[in-house]
Amino acid sequence: MHQVRLQIKGSDEARYSYSIDVQISAVLQYWSKPKNYPLFIRSVPVQNELKFHYTVHTSLDVVEEKISAVGKAMADQRELYLGLLYPTEDYKVYGYVTNSKVKFVIVVDSSNTSLRDNEIRSMFRKLHNSFTDVMCNPFYNPGDTIQSKAFDSIVSAMMVQAS
Amino acid sequence: VSWRAGSLPPVMCAGDQSLFTSLYTSLAQQLPKEPMEWRRSYGRAPKMIHLEANFVQFKEELLPKDGNRALLTFPFLHIYWTDCCDTEMYKASVKDDMLRWQSTLRLDGSVDWLIVVVESEAKKKNKTNILPRTSIVDKIRNDFCNKQSDRCVVLSDPLKESSRSQDSWSSFLTKLRTLLLMSFTKNLGRFEDDMRTLREKRTEPGWSFCDYFMVQEELAFVFEMLQQFEDALVQYDELDALFTQYVLNFGAGDGANWLGSFCAPVKRWSGLLLRRPIDMEKRELIQRGEASLLDLRSYLFSRQCTLLIFLQRPWEVTQRALELLHNCVQELRLLEVSVVQGALDCWVFLSCLEVLHRIEGCCDRAQLEANCSHTVGLWTYATEKLKSLGYLCGLVAEKGPTSEDLNRTVDLLAGLGEERPETVNSLQSPYKKLNEALSSVEAFEKHYLELSHAAMEMYRAIGRMRSSRLIGKSLAEFYMKKGDPERAECFLDDSLRSYVAEGWSLQVTHTRKQMAECQKLLQQTEDYLQTSALLAGDANLTEEERKHFYQVILTFASQPPAPSDQTVALSMAAFAQLRQMQFSPPGAVVHVGAALQLELRVRCLMPVAVQVEQLAATLHFSLEQGGARGRAGGTQRRTGQEPQGQGDGVVLFPQGSSLAGAGMGASLPPALELYEMQDRSPSDSSLNSTGVVCKNMHLLLRRHDSSASLDTPTAGALPRSSVTLSLLVGLSFSLPPLSTLSVGRVQFVQSHIYPVVQYEVYSQEPQLTIEPLSDNLLAGIPQKVKFTIATGHYNVKKGDALQLSNTDSMPILHSSCCSATILSSTGERVGERALSVQSSEKVTSISLPPTPPYHTLEFQLEVLCHIPPTPFKPDIERLTNGEVRHRPKSHSQADSGMIHIDQKVSIDCPWSIYSTLISLTFYVPFKAKHSILSAGKRKYIQVCLQNVSDTNFQLADPVLTERQPTIPTVCSQQSVFCLWEMRWAKHLPLCLQCAFSASFAPVSASDAHTAFKPYRYEFQLDRTLYSLKAEILPSSGDQHCRTGALCGLEVSITRQAEPSETEGEEEESTEIEGLRTTKLMYEVVDNSSNWAVCGKSSGVVSMPVAASATHRVQMEVMPLFAGHLPFPNIKVFKYLPHSAVPAIQPDTDSCLENDTMSLLDKGLDDQGDTASIRSRGSIHSVGSGEQQRGLPMPRLEPFSPGQVFYWSQGRQVLVLPVTDDHVMEVNVT
């Protein structure tokens, strides 16, 4: 974990984002190289995928707003979990930003009431850990879309569990 | 029960009403002035509150009925007012009245009461027979407050401005506040307990949420009454949470009966109403249990909103409003409440606007603008809802609403009900807006655009560009529906750009599809085709869709071009990807006229196979003066891999992520490509500077928003086959900056190929090189040299010949079979041709076989270099009686000591009018030395022949005498010694020129046939002229020399040879009294410090020029050590008087000059003047060289080796130590 942090820290521009929808068991993950480029995105089922993508993409506005709202000096002690980014009629969008500005976004269907703040938080933590593993892979080129099976299975497991 | 906002907790006043009325005003004013600390139960933090009360007249009917614990009208305190100061009167009426009051209270269970006795001086004065004033109070206390004496207070002269009056007021107020608080605490606590009990019963069958709602809301009212808005809000929030939980539980299958009433179909959707503090209408519905879910939520939110605004938290209102609206929609879905389609949209739209209006009503403009981020969500939500209403009611369709749409609109508007009285007169009410928007297509457009633009503006203002673009995109959809593609285009373009820039493929695909539609309508053929191409290659689309877009291109391509039309150039990135390029030959370096094959691997991104009609590439060429890359010299070292550097000539092009879809590949910004750059100085390759160079800066730094125009390659289009170009010198081509694929009228152009691919075309001048086959060419033996002709651009024709100018020292030997090999530029052997060599006297002509350009012609010729007689320089090492003199040799190689000869050959080549001068270096394989070994008059000559080459030689005929030694073999780096004795015949000159010659042949040429080559070595021999004998004699009377004791040194110089005629010239002689004499100088030097020469150590003697003439010199020396000491060195020089040829300093290594200066002065007797002249000359030489030149100077000249024989060379003499040597003291001068 520490290793990865060091690796990316230099490039403040490197940003990732990530998102999960749960009720429909959709997991989306995004990252951005120059700016908010999707690293990994997953949604289940796929019929509303486009809407998810739009939602996640728009949510980056709020993520950025929240990051910049936190003072630079406070950046180190910053809480990684950003909480509910904004509600929409259909989804709840949660955000999480690592110290290296990798963004994770989880989108949960509004009608899903089983997921409370704590669950979302632990999902993010799991994602973060798994993402760290991906980054530790010497064959992974930071910035490429994630194609790790391990990561994929963790995401799938989370979505099954959540739905 | 009716309660209005602003109500205060009631306090009932009994007793003297007129008295109370007179005090009421000041009482109501004074009460809230001082805060009181309110300590509360259940661990809630104490608060400072300002108490207020509503003082009402005591009426029995106003007392709460039994069991009714309604807090709102509950009299928290009862006060009895009296100003009685007359005992009689008290006894007569007041006491009875008070008793009655008390009993009423007791019946009611009220224990919070207070009796106020008002005293006034005026009254006292009127009555004369008054009791002491305390007595009335005491009486009352006695009668009523049996244990609570504090229940009775005295208020003195309340209407007067005196300190006494103020004191009594303040103590009264304190008491009043304390009692009020006590009452609050007690009654509220009891109420809360009851309320909790009620809540705990919620699982029981008969429990009703509405009833409980009323109870808890009462508590909220009381808190609000007490100005405790925070606490009041908590009550509502608790109700909210409780209700939400029930709905969730219902969703989970755990339904409560009472919830049924909320599941009734929604009939009214008039939106939130936030303008009233309490919406009594809705409250009654709730009370009656007839409220719908929307009613309850609306009411609850309106209360929360009111309280939040009291708390000055308007932005929380907006946030909660958005949550509420989302939540309501969800809850209705969850509870499966049937709602007319569009009704919820109406409700949400109205509610959003209502909230916004409410907020606008309580904030100023600046505040609103600063808090866009809080309101923009509502604006967006309203926009979305209006849009969906518009679609629903057919207001967006081009044809306008159908009758069905109109019916639906009427139904929706009916559900709104009548406009509320609060807004009837306002022009901009949400109700009016919705009504108007749904009334006509134009009005809808107006309102929708207004809202959209407002929301977009706000998003932009707070920097949420993505959200803004999303609205822009839905605006574009709207415009498209309206058939207005012009306006849609810019919005689509804007969003598309941002999606592409951030790499979101699904959005890109979706937006592109819309864009294609838009461009089609706008008849932007080129853009449409480009977008179609991108879509046809988009992996996110289905096969059918892709084929459809592909068909678009094909259809266009197959149309016969209109005369004015040119072909359409599109970016190739969408159509095909260049994957790989392969050069053959791999180095991508060819000479002029050669063929370079280039294999392209292109990946087609189209869904079906494409027939490509033409493939063309444009070349960009640059002239490189430095010549080929390889020869440029590594001033720039690149750490990154160079495309051509891969060795197999394959250039791979980086791929965009194939998963993200082909369209994405082109949009990915390229990664930085950094290379290390080192700048070295050309002379000593030291590092001047180093740095990092970004190679693809042009890609990174170019503007991303402006699309580069696509240039169609026109000139220099290449045929499909290999590229044939004839070009000039030293060109390198970057290939191709543009490449094109054509399908019908459509051309796909790739504007840049990255990494840069280039090949090099070079041109070369013909070149002739001659190099030896072996490492070194040896002189004296025939050896082969290789001629290499790189033909370059010259075509060697039949009859072309090389003309070699002959030199005597190096003839060209022509062997019988001589053939030339022709090699192609890649080093392949092409053929072998015979070569004819013809020699004339001056010129050797080699006729070359015909050779095509850029080939190499190789052949070998045999050459021989004659060894010139050695030494060609006079200074060769000589050994003379073991004395060695070294001289530097300019011509010998430092390592091997081989002497080399540079042989220049001038060649006339057919391709040049100038002669080529080629230098060959030959090495002389031998080195000869000779030494003369003398024994008295007998002389031996030793000649040493050293082989310094790496070849072994046979040696024959070493000639100096008649005797012929056996043929020795001189191995490499070895020496052969030959020895001869010399006998001097009579009348031989003093000096003899000798020559040593031998024949040699390499041993390796084994057969006897080997031609022996001559080797000559010339040298000079001298006869012995003088012999020198030294003798050391111990001091008289002693048998041996002793250290420290003077010994005699006797030197005798004897003339050995007769003078000859020739000699006279050589030897400087003078005629003195008929006797020819020659002057010699002798010198005793002891370099090893064994001897101290005492007295004179040198001198000049005249020797008669006659055989056996002897001259003896006596000197004194002193041994400094004991043992066998070698004799001191004695040297003899020719002494040439000043008449001789002007001054040449004596031989450099004669060290006598300075050392012996003083000795000369002393020791010279008859030639003293000469010495002094010398001495002076020497001194002068320090002062000025001019003078020395002018002065006649005697000089010394050494004898040639062999001319002087030293008898005592190597002799030793025994020296004994002195007995008391430890006190020896030696002075040496």
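Residues numbered from 1 in each chain as written. Chains lettered and ligands numbered in written order. Predicted model: local features only at pLDDT ≥ 70, side-chain atom pairs only at ≥ 80, totals over all residues. Heavy atoms only, no water.

As recorded in an unreviewed UniProt entry, chain B goes by the name Trafficking protein particle complex 10, listed as coming from Oncorhynchus mykiss. Quoted verbatim from the Subcellular location (unreviewed entry) field of the UniProt record, the comment on chain B reads "Golgi apparatus". (UniProt positions renumbered as here; feature names shortened; annotations may be inferred.)

Chemist: Run through the overall build of chain B, naming residues and quoting values.
Modeler: For chain B, the count of helices and strands is 28 helices and 52 strands. Counting only residues that meet the buried cut, chain B has 46% of its 1229 residues in that class. Summed over all atoms, the accessible surface of chain B reaches about 60,900 Å², with 51% contributed by carbon and sulfur. (Helix = DSSP H or I, 4+ residues; strand = E, 2+ residues; numbered from the N terminus. Buried < 20%, exposed > 50% of the residue type's maximum accessible area, 1.4 Å probe, protein only. Areas by Shrake-Rupley, 256 points an atom, 1.4 Å probe, with all protein chains shown as cover.)

Chemist: Got a sec to walk through the pairing of strand β4 (residues 91-97) of chain A? Specific residues and values, please.
Modeler: All names here are of chain A. By the criterion of burial, β4 is predominantly enclosed, with six of the seven residues buried. Bridge count between β4 and strand β5 (residues 103-109): seven bridges; the pairing is antiparallel. Residue pairing across strands places V97 opposite K103, the latter belonging to β5. Here β4 folds back onto β5, and the loop between the two strands holds five residues, one of which, K101, carries a positive phi near 65°. (Pairing = 2+ DSSP bridges.)

Chemist: Please give an account of the sheet that holds strand β13 (residues 650-652) of chain B that cites residues and values.
Modeler: Residue and element names in this part refer to chain B. With antiparallel pairing, three strands are arranged side by side in an open sheet as β11-β9-β13. Unpaired on one side and paired on the other, β11 (597-604) and β13 mark the two borders of the sheet. Each adjacent strand pair in this sheet contributes to an overall mean axis angle of 20°, direction not counted. (Axes fitted to C-alpha atoms, helices over the stretch in contact; angles between N-to-C directions.)

Chemist: Lay out the side chain of S474(B) with the relevant residues and their values.
Modeler: Residue and element names in this part refer to chain B. Locating S474 in the fold gives a position in helix α17 (residues 465-481). Using a relative accessible area of 16% as the deciding quantity, one classes S474 as buried. With residues up to four places along the chain from it excluded, the contact list for S474 reads K387 and Y448. (Contact = heavy atoms within 4.5 Å.)

Chemist: Report on the environment of L274(B), specifying residues and quantitative values.
Modeler: Relative to the elements of secondary structure, L274(B) occurs in the loop between α7 (229-251) and α8 (280-287). As a C-alpha pair, L274(B) and C305(B) span 31 residues in sequence and 7.3 Å in three-dimensional space.

Chemist: Give a detailed account of the packing of helix α6 (residues 209-225) of chain B against α8(B), specifying residues and quantitative values.
Modeler: A pair of packed helices can be characterised by two numbers: the angle between their axes and the separation between those axes. All names here are of chain B. Two numbers describe how α6 lies on α8: the axes approach to 8 Å, and their chain directions differ by 135°. Accordingly, the angle class assigned to the pair α6 and α8 is oblique. In this structure, α6 contributes C210, F213, M214, E217 and F221 to the contact, and α8 contributes R283, I286 and Q287. The residue makeup of the contact of α6 with α8, split by class, is five nonpolar, one polar and two charged. (Parallel < 35°, antiparallel > 145°, perpendicular 65-115°, else oblique. Nonpolar A, V, L, I, M, F, W, Y, C, P; charged D, E, K, R; others polar.)

Chemist: Break down the pattern of salt bridges for me, citing the residues and quoting the values.
Modeler: Scanning the entire structure with this criterion turns up 44 salt bridges over all chains. The closest approach of N and O atoms between K786(B) and E858(B), which form a salt bridge, is 4.0 Å. On the criterion of sequence distance, the pair formed by K786(B) in strand β21 (residues 783-790) and E858(B) in strand β28 (residues 856-863) is long-range, its members being 72 residues apart. A network of salt bridges, in which partner residues are shared, links K51(A), E89(A), D90(A), R333(B), D345(B) and K385(B). (Salt bridge = Lys/Arg side-chain N within 4 Å of Asp/Glu carboxyl O.)

Chemist: Would you mind going over helix α1 (residues 17-30) of chain B in detail, with residue names and values included?
Modeler: All names here are of chain B. Look at α1: 19 Å from first C-alpha to last across 14 residues, which is about the 20 Å you get at 1.5 Å a residue. Along its length, α1 reaches its greatest deviation from straightness, about 50°, at Y24. Listed in full, the buried residues belonging to α1 are L19, F20, L23 and L27. Buried residues belonging to α1 abut β1 (10-15), β4 (54-57), β5 (77-82), β6 (113-119), β7 (152-156) and α5 (163-200). (Expected span 1.5 Å × (residues − 1). Bend = angle between axes of the 7 residues up to and from the residue.)

Chemist: Describe the packing of aromatic side chains, with residues and values.
Modeler: This structure, assessed with the given rule, holds 27 aromatic pairs over all chains. With a centroid separation of 5.6 Å and 85° between ring planes, the pair formed by F104(A) and F131(A) is classed as edge-to-face. One end of the pair, F104(A), is in strand β5; the other, F131(A), is in helix α3 (residues 117-136), and 27 residues separate them in sequence. Taking the relative accessible area as the measure of exposure, F104(A) reaches 0% and is therefore buried. For F131(A), a relative accessible area of 3% gives the class buried. A connected cluster of aromatic rings, assembled from ring pairs, spans W207(B), F209(B), Y212(B), F213(B), F243(B), Y246(B), F262(B) and Y299(B). (Phe/Tyr/Trp six-rings, centres within 6.5 Å; stacked < 30°, edge-to-face > 60°.)

Chemist: How would you explain the sheet that holds β4(B) if you had to name every residue and give the values?
Modeler: By definition, the strands of a sheet pair up through backbone hydrogen bonds, in either a parallel or an antiparallel sense. Residue and element names in this part refer to chain B. Ordered by their spatial adjacency, five strands build an open sheet running β4-β1-β5-β6-β7, and the pairing between neighbours is parallel. Edge positions in the sheet fall to β4 and β7, since each has one partner strand and no second. This sheet shows a mean twist of 30° between the axes of neighbouring strands, independent of strand direction. For β1 and β4, the ladder comprises four bridges, and the chain directions are parallel.

Chemist: How would you summarise the interface of chain A and chain B if you had to cite specific residues and measurements?
Modeler: Listed per partner, the contact involves 29 residues of chain A and 31 residues of chain B. Scanning the region where chain A abuts chain B turns up six salt bridges. The shortest N-O distance in the salt bridge between E65(A) and R464(B) comes to 2.8 Å. Put simply, chain A and chain B have 12 residue pairs in polar contact (both at pLDDT 80 or more) between them. At 12 residues, helix α2 (residues 49-69) of chain A tops the list of elements feeding residues into the side of chain A that touches chain B. (Polar contact = N/O pair within 3.5 Å; in protein donor to acceptor, adjacent residues only side chain to side chain.)

Chemist: Mind laying out the packing of helix α19 (residues 505-522) of chain B against helix α20 (residues 525-536) of chain B, listing which residues take part and the relevant values?
Modeler: Residue and element names in this part refer to chain B. Two elements in contact, α19 and α20, have axes whose closest approach is 9 Å; the angle formed by their N-to-C orientations is 150°. Considered as vectors, α19 and α20 are oriented roughly antiparallel to each other. In this structure, the crossing between α19 and α20 has a hand that is left-handed. Contact residues: T509, R512, K513, A516, Q519 and K520 in α19; D527, Y528, T531, L534 and L535 in α20. (Left-handed = near helix turned anticlockwise from the far one by under 90°.)

Chemist: Kindly report on unusual backbone geometry, identifying the contributing residues and their values.
Modeler: Among all residues save glycine, negative phi is the norm, and among peptide bonds the norm is trans. Residues and elements named next belong to chain B. With a phi angle near 60°, Q523 is a residue other than glycine that sits in the positive phi range. Looking at where Q523 falls in the secondary structure, it is placed in the loop between α19 and α20. We classify Q523 as exposed; its relative accessible area is 65%. Backbone geometry at Y854 places phi at a positive 55°, although glycine is not the residue there.

Chemist: I'd love a proper account of the nonpolar core, names of residues and values included.
Modeler: All names here are of chain B. F55, W81, F172, L176 and F209 are the most contacted members of the largest nonpolar core, which totals 145 residues. When residues in this core are grouped by element, the largest group, 12 residues, is from helix α11 (residues 343-362). Setting aside residues up to four positions removed in sequence, W81 forms contacts with C13, A14, G15, D16, L19, F20, L23, L27, V116, V118, L155 and F172. Listed in part, the 57 residues of the second largest apolar core include L857, L945, V976 and F996. (Core = buried A, V, L, I, M, F, W, Y, C linked by side-chain atoms within 4.5 Å.)

Chemist: Outline the environment of A1001(B), listing residues and values.
Modeler: Residues and elements named next belong to chain B. When you line up the elements, A1001 lands in strand β38 (residues 991-1002). Take A1001: its relative accessible area is 0%, and that puts it in the buried class. A sequence separation of 221 residues divides A1001 from G780, and the C-alpha atoms of the two residues are 8.8 Å apart.

Chemist: Mind laying out the environment of C263(B), listing which residues take part and the relevant values?
Modeler: Residues and elements named next belong to chain B. Secondary-structure assignment places C263 in the loop between α7 and α8. Taking the C-alpha atoms as reference, C263 lies 7.0 Å from S292; in sequence the two are 29 residues apart. In this structure C263 touches F250, L335 and V337, once residues within four positions along its chain are discounted.

Chemist: Could you give me a rundown of the side chain of H57(A), with the residues and numbers involved?
Modeler: As for its position among the elements, H57(A) is in helix α2. On the accessibility criterion, H57(A) (2% relative accessible area) is buried. With residues up to four places along the chain from it excluded, the contact list for H57(A) reads R466(B), S498(B), Y499(B), E502(B), W504(B) and Q507(B).

Chemist: Tell me about the pairing of strand β27 (residues 843-847) of chain B, residues and numbers included.
Modeler: Residue and element names in this part refer to chain B. Judged from the five bridges that link them, strand β22 (residues 801-805) and β27 form a sheet pairing that is antiparallel. Note that in β27 the partner of L802 across the bridge is I846. For strand β26 (residues 836-839) and β27, the ladder comprises four bridges, and the chain directions are antiparallel. Residue S836 lies in a different strand from β27, and its bridge partner there is S847. Hairpin geometry of β26 and β27 is characterised by an intervening segment of three residues between the two adjacent antiparallel strands.

Chemist: Give a detailed account of the confidence of the model for chain B, specifying residues and quantitative values.
Modeler: All names here are of chain B. This prediction gives chain B a mean pLDDT of 73; 74% of its residues lie at or above 70. Every residue in residues 961-966 is under pLDDT 50, and counting partners more than four places away or in other chains gives five contacts. With pTM at 0.62, the complex prediction returns an ipTM value of 0.82. (pLDDT = per-residue confidence, 0-100.)

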